[in-house]
Amino acid sequence: MDMKTDVVIVGTGAAGLFSALNLSRDRQIIMITKADAESSDSFLAQGGICVLRNEEDYDSYFEDTMRAGHYENRKESVDIMIRSSQDIIHDLIGYGVEFQKVESKEGEDDRDPLLRGYAFTREGAHSRQRILFHEDVTGKEITSKLLARVKELENVTIYEYTTMKDIIEEDGRCAGVLAEGPEGEPVRIRADYTVFACGGIGGRYRHSTNFPHITGDAIKISKRHGIRLEHLDYVQIHPTTLYSDKPGRRFLISESVRGEGAVLLNKDGERFVNELLPRDVVTKAIQEQMEKDGTDHVWLSMKNIDKETILKHFPNIYEHCLEEGYDVTKESIPVVPAQHYFMGGIWVDSDSRTSMDNLFAVGETSCNGVHGANRLASNSLLESMVFAKRAAGKIEGDYSQEK
């Protein structure tokens, strides 16, 4: 199968979908995805999405992000992400995304007027509440709404179960992708511009919160073509996933559970760490405690969270744990660290351009430097869409210059 299009986007997660939505409706766009369109890690994000509350929040938000990233973050990228956050939230609301509302207007004087009426939660390493959420399935709420909007576009065609195998390189430029269709048939898609939005590397780990088919395909292809990569050793381990000896993807216990008051306990029921420290610090503390206790997990107690909050804010976590035999309103649950997120990837500039002409990378497969050596909780969805929108803007700008 041979096809020609203006832009080909590899991946149907939040970054890929947001890129498509921000391109001109005059562009012909082909999107391909390795599995079905819903099986992206963006659908799995639980906690929420960060947003700048107001101008007075800028310095603390910037510092929280830098501190969590061990000050190895690219400052320009962090600034762009934070400054763009409110626009992204307004875009999402316009696409039909529903965030949790507040029942009381008390304490809202310190937030941007356009954010009033929405509830904020707090997660590890944040100095204050600045995270918008939809129950404990924020990623699903955002990504499903974006996918629905993309499916309404006549200029976008989505091919599922189509796996990228290589890119088409001509005179040092990317001219599209080579793929394999559902029946193993070769697919050639020639395009003016190519956008990698195909996620991280979790499928290469035994214990991961990622879908098993997310195996870093774009990283491998980029290495083959000499495309610049960066910080491939920057892999984040999430401190709390539900312990299981079953094979397959690990179920995440959101950071916001600890942000609302859940505590970590050792085998004797004693608290051993400040749960709101950065993820890598909490992960290390858990690993040291497991070694000390001679166990393969620790315990997470939600006794400090009232039942109504658990059922309203964390219904998905409550139901899943119940299916596994744990009632989080009455007992602690076993948790263990697992691979969660990839901070490194394909080097990109502030407009998501890779080192190869006409090739862009967005989302977890890219490395724009926002996260440094360790991602701050709930910055991933925001970062992916901020820089996906910038990629689309740059592509449109390049088209305009060609006229």
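These numbers were taken from a predicted model, which means no experiment stands behind them.

**Description of the nonpolar core**
1) Next: I49, L92, L146 and M385 are the most contacted members of the largest nonpolar core, which has 61 residues in total.
2) Next: Ranked by the residues each element gives to this core, the list is headed by helix 10 (residues 380-402), at 10 residues.
3) Next: Apart from the residues within four sequence positions on either side, I49 is in contact with I89, L92, F99, R130, I131, L132, T138, I142, S378, L381, L382 and M385.
4) Next: If you look at the next biggest cluster of nonpolar residues, it comprises 25 residues, including A179, I219, I221 and F342.

**Concerning helix 9 (residues 315-323)**
1) Next: All buried positions along helix 9 are accounted for by P315, I317, Y318 and C321. Buried residues along helix 9 cover an arc of 165° about the axis, so they all sit on one side.
2) Next: With its phi angle positive at about 95°, G325 sits one or two positions after the end of helix 9.

**Some points on the side chain of S256**
1) Next: Position of S256 among the secondary structure elements: in helix 6 (residues 255-259).
2) Next: Here S254 takes part through its side chain, which lies 2.8 Å from a polar atom of the side chain of S256.
3) Next: Discounting residues that sit within four places of it in the chain, S256 has contacts with G47, T121, R122, E123, H313 and F314.

**Here we look at the packing of helix 1 (residues 14-21) against helix 4 (residues 138-151)**
1) Next: Between helix 1 and helix 4, the shortest axis-to-axis distance is 9 Å and the interhelical angle comes to 35°. Regarding helix 1 and helix 4, the two cross each other, and that crossing is left-handed. Facing A14, L17, F18, A20 and L21 of helix 1, the residues of helix 4 in contact are T143, L146, L147, R149 and V150.
2) Next: Residue composition of the contact of helix 1 with helix 4, by class: 8 nonpolar, 1 polar and 1 charged.

**As for the pairing of strand 8 (residues 186-196)**
1) Next: Across 8 bridges, strand 1 (residues 2-10) lies against strand 8 in parallel orientation. Of the residues in strand 8, the one forming a bridge with V10 is F196.
2) Next: Summarising the sheet, strand 7 (residues 173-180) and strand 8 pair through 5 bridges and their orientation is antiparallel. When the bridges of strand 8 are listed, V177 appears paired with I189.

**Brief notes about the sheet that holds strand 12 (residues 298-301)**
1) Next: In spatial order, the strands read 10-13-12-11; together these 4 strands make up an open sheet with antiparallel pairing. Edge strands, defined here as strands with exactly one partner in the open sheet, are strand 10 (235-242) and strand 11 (263-265). For this sheet, the mean angle separating the axes of adjacent strands, direction not counted, is 45°.
2) Next: Bridging between strand 10 and strand 13 (residues 333-342) involves 6 bridges; their strand directions are antiparallel. Among the inter-strand pairings, L242 is bridged to a residue of strand 13, identified as V335.
3) Next: Running over the sheet, helix 7 (residues 279-293) touches strand 10, strand 11, strand 12 and strand 13 and is turned about 60° from strand 10.

**Thoughts on the packing of aromatic side chains**
1) Next: Considering all chains together, one arrives at 5 aromatic pairs under this definition.
2) Next: Taken together through their ring pairs, the aromatic side chains of Y193, F360 and Y399 make up a single cluster.
3) Next: One residue, R83, lies across the ring of Y58, its end atom 3.9 Å from the ring centre.
4) Next: Over the ring of Y341 we find R375; its NZ or CZ atom is 4.2 Å from the centre of that ring.

**Notes on the sheet that holds strand 9 (residues 229-230)**
1) Next: Within the open sheet, the 3 strands sit side by side as 9-14-16. Their pairing is mixed. For this open sheet the edge positions go to strand 9 and strand 16 (366-367), each flanked by a neighbour on one side alone.
2) Next: Looking at chain direction, strand 9 and strand 14 (residues 345-347) are connected through 2 bridges and run antiparallel. Note that in strand 14 the partner of L229 across the bridge is I346.
3) Next: Packed onto the sheet, helix 5 (residues 217-224) meets strand 9 and strand 14 and runs at close to 50° relative to strand 14.

**Some words on the pairing of strand 1**
1) Next: The buried fraction of strand 1 amounts to 7 of the 9 residues, a majority that puts the element mostly inside the structure.
2) Next: The β-α-β motif built from strand 1, the intervening helix 1 and the parallel element strand 2 (residues 29-32) has right-handed crossover chirality.

**A word on the environment of L300**
1) Next: In this structure, L300 sits in strand 12.
2) Next: Here L300 falls in the buried class, since its relative accessible area comes to 1%.
3) Next: Separated by 80 residues in the primary sequence, L300 and K220 have C-alpha atoms spaced 37 Å apart.

**Considerations on the pattern of salt bridges**
1) Next: Taken as a whole, this structure holds 29 salt bridges when the rule is applied.
2) Next: Between D2 and R188 there is a salt bridge, with its nearest N and O atoms 3.5 Å apart. With D2 in strand 1 and R188 in strand 8, this residue pair connects regions lying 186 residues apart in the sequence.
3) Next: Taking the shortest distance from any N to any O, the salt bridge between D79 and R83 comes out at 3.7 Å.

**Comments concerning the environment of K165**
1) Next: Mapped onto the secondary structure, K165 falls in strand 6 (residues 163-170).
2) Next: Apart from the residues within four sequence positions on either side, K165 is in contact with L178, A179, E180, I221 and R224.

Cut-offs used in this document
- Residues numbered from 1 in each chain as written.
- Predicted model: local features only at pLDDT ≥ 70, side-chain atom pairs only at ≥ 80, totals over all residues.
- Heavy atoms only, no water.
- Core = buried A, V, L, I, M, F, W, Y, C linked by side-chain atoms within 4.5 Å.
- Buried < 20%, exposed > 50% of the residue type's maximum accessible area, 1.4 Å probe, protein only.
- Helix = DSSP H or I, 4+ residues; strand = E, 2+ residues; numbered from the N terminus.
- Contact = heavy atoms within 4.5 Å.
- Arc of directions from axis to C-beta.
- Polar contact = N/O pair within 3.5 Å; in protein donor to acceptor, adjacent residues only side chain to side chain.
- Axes fitted to C-alpha atoms, helices over the stretch in contact; angles between N-to-C directions.
- Left-handed = near helix turned anticlockwise from the far one by under 90°.
- Nonpolar A, V, L, I, M, F, W, Y, C, P; charged D, E, K, R; others polar.
- Pairing = 2+ DSSP bridges.
- Phe/Tyr/Trp six-rings, centres within 6.5 Å; stacked < 30°, edge-to-face > 60°.
- Lys NZ or Arg CZ within 6 Å of the ring centre and 35° of its normal.
- Right-handed = clockwise from strand over helix to strand, strands pointing away.
- Salt bridge = Lys/Arg side-chain N within 4 Å of Asp/Glu carboxyl O.

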